[in-house]
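# Structural characterization, general
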Amino acid sequence: MAIAVKLDDLLHDRRMTLTELADQVGLTLANLSILKTGKARAIRFSTLEAICGALSCQPGDILRFEPAAARKRSASR
Amino acid sequence: MPRRASSTAALPIAYAVLRILTVANWLMGAAILALLVVMPNEQWIMAAFKLSPSPDAGRLIMGLRAVAVLGLVGIPLNYVVLKRLLAIVLAVRAGDAFVAANAVHLQAIAWALLGLQLLSLVIGAIAKAVSSPAHPVHLDAGFSISGWLAVILTFVLARVFAEGTLMREDLEGTV
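Residues numbered from 1 in each chain as written. Chains lettered and ligands numbered in written order. Predicted model: local features only at pLDDT ≥ 70, side-chain atom pairs only at ≥ 80, totals over all residues.

So, about the overall build of chain B. Within chain B, the secondary structure is distributed over 5 helices and 0 strands. Secondary structure elements of chain B, listed N to C terminal, follow the sequence α-α-α-α-α. Taken over the C-alpha trace, chain B has a radius of gyration of 21 Å; the compact-globule value for 175 residues is 16 Å, which it surpasses by more than 25%. Across its three principal directions, the C-alpha atoms of chain B cover 80 × 25 × 25 Å. Sequence separation of at least 24 residues holds for 75% of the intrachain contacts in chain B that already meet a minimum separation of 6. (Helix = DSSP H or I, 4+ residues; strand = E, 2+ residues; numbered from the N terminus. Rg over C-alpha atoms; globule rule 2.2 N^0.38 Å. Contact = placed C-beta atoms within 7 Å.)

Within chain A, the secondary structure is distributed over 6 helices and 2 strands. Sequence-ordered secondary structure for chain A, helices as α and strands as β, is β-α-α-α-α-α-β-α. Taking all 77 residues of chain A together, the buried fraction comes to 14%. Once local pairs closer than 6 in sequence are excluded, the contacts in chain A between residues at least 24 apart make up 64%. (Buried ≥ 20, exposed ≤ 12 C-beta atoms within 10 Å, placed from the backbone.)

This part takes up the environment of B:Ile152. In this fold, B:Ile152 is placed in helix H5 (residues 145-172). Distance in space between the C-alpha atoms of B:Ile152 and B:Ala110 is 7.6 Å, their sequence separation being 42 residues.

All names here are of chain A. Of note in the backbone geometry, Arg-15 takes a positive phi value of approximately 55° without being a glycine. The backbone of Ser-56 shows a phi angle near 50°, a positive value even though the residue is not glycine. Counting through the fold element by element, Ser-56 comes out in the loop between helix H4 (45-55) and helix H5 (59-62).

This brings us to the nonpolar core. The biggest cluster of nonpolar side chains holds 14 residues, and the ones touching the most others in it are B:Val81, B:Leu85, B:Leu106 and B:Ile109. Taken together, the elements giving at least two residues each to this core come down to helix H3 (55-93), helix H4 (100-130) and H5 of chain B. Residues in contact with B:Leu85, not counting those within four places in the same chain, are B:Leu18 and B:Ile109. Among the nonpolar cores identified, the runner-up in size contains 11 residues, and A:Val5, A:Leu10, A:Leu21 and A:Leu35 belong to it. (Core = buried A, V, L, I, M, F, W, Y, C linked by C-beta atoms within 7 Å.)

Our focus in this paragraph is the confidence of the model for chain B. Residue and element names in this part refer to chain B. Overall, the predicted model of chain B reaches an average pLDDT of 87, with 94% of residues at or above 70. Mean pLDDT in chain B bottoms out at helix H2 (residues 42-48), which sits at 73, and peaks at H4, which reaches 94. As a predicted assembly, this complex carries a pTM of 0.73 together with an ipTM value of 0.72. (pLDDT = per-residue confidence, 0-100.)

Quick look at the interface of chain A and chain B now. Contacts between the two partners involve 9 residues from chain A, matched on the other side by 4 residues from chain B. Top element by residues in the side of chain A that touches chain B is helix H3 (residues 29-36) of chain A. It accounts for 3 residues. Of the residues assigned to the side of chain A that touches chain B, the class counts are 5 nonpolar, 2 polar and 2 charged. (Nonpolar A, V, L, I, M, F, W, Y, C, P; charged D, E, K, R; others polar.)

Attention now goes to the packing of helix H2 (residues 18-25) of chain A against H3(A). All names here are of chain A. Here H2 crosses H3 at 115°, and the two axes come no closer than 9 Å. Where H2 crosses over H3, the handedness of that crossing is right-handed. Contacts between H2 and H3 involve Leu-18, Thr-19, Leu-21 and Ala-22 on the former and, on the latter, Leu-29, Leu-32, Ser-33 and Lys-36. A per-class count over the contact of H2 with H3 returns 5 nonpolar, 2 polar and 1 charged. (Axes fitted to C-alpha atoms, helices over the stretch in contact; angles between N-to-C directions. Left-handed = near helix turned anticlockwise from the far one by under 90°.)

What follows concerns the packing of H2(A) against H4(A). Residues and elements named next belong to chain A. Where H2 contacts H4, the axes come no closer than 9 Å and their chain directions differ by 115°. The hand of the H2/H4 crossing is right-handed. Here Leu-21, Gln-24 and Val-25 of H2 come into contact with H4, specifically with Ala-50, Ile-51 and Ala-54. Classifying every residue of the contact of H2 with H4 by side-chain character gives 5 nonpolar, 1 polar and no charged.

Following this line, the structure appears as structure tokens:
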């Protein structure tokens, strides 16, 4: 998928762990981990809203469109 | 929500019935095979059906042989239906109804049912062709609206399961 999740970078900038974010947004650590590793197929607006609220950021800071990376991934399969 | 007693009993009953039908199908196959082995003996068939030597009787025997061969072809098709249905019942009992495997099972069942309906058409046509006023042949075969509806329904259901599986995968991957 050409949509990359930049949660790792945001957490690093905010000096926050995934567990702390999970506690703040009310998601399970497993679900948040799926999102962070780019394995999620979809994200709810409510989840996006909660993460943006907890990290004081915009949805665009979390998600990035990277067509070149997607092409590289599909070619390596 | 608690499941109703009838719905919880349906799966074990279906499982048992399908197991019994699978054995019955193999027994029927063995019986047809035995019939085909005996059939070359025209004297025996003439005696069993109280036929007198005539062109009609010869045609009838040929027709019955053809029907027996087609019946034998139907055995593996029946087996596909029963085996795949059993796999679906087991998957549903395990709480996994909308999985890709069930869509594939239903697709296979639909093709097998289509094959059985075509066989039924041919058997019906043969029965009609060899039947005569002196030796009427009444076989429960031929065109059946409910049979063809079952074929269409199963193809549609297979598609529904395939779509349901995709929706479930999407839902599981939604954060």
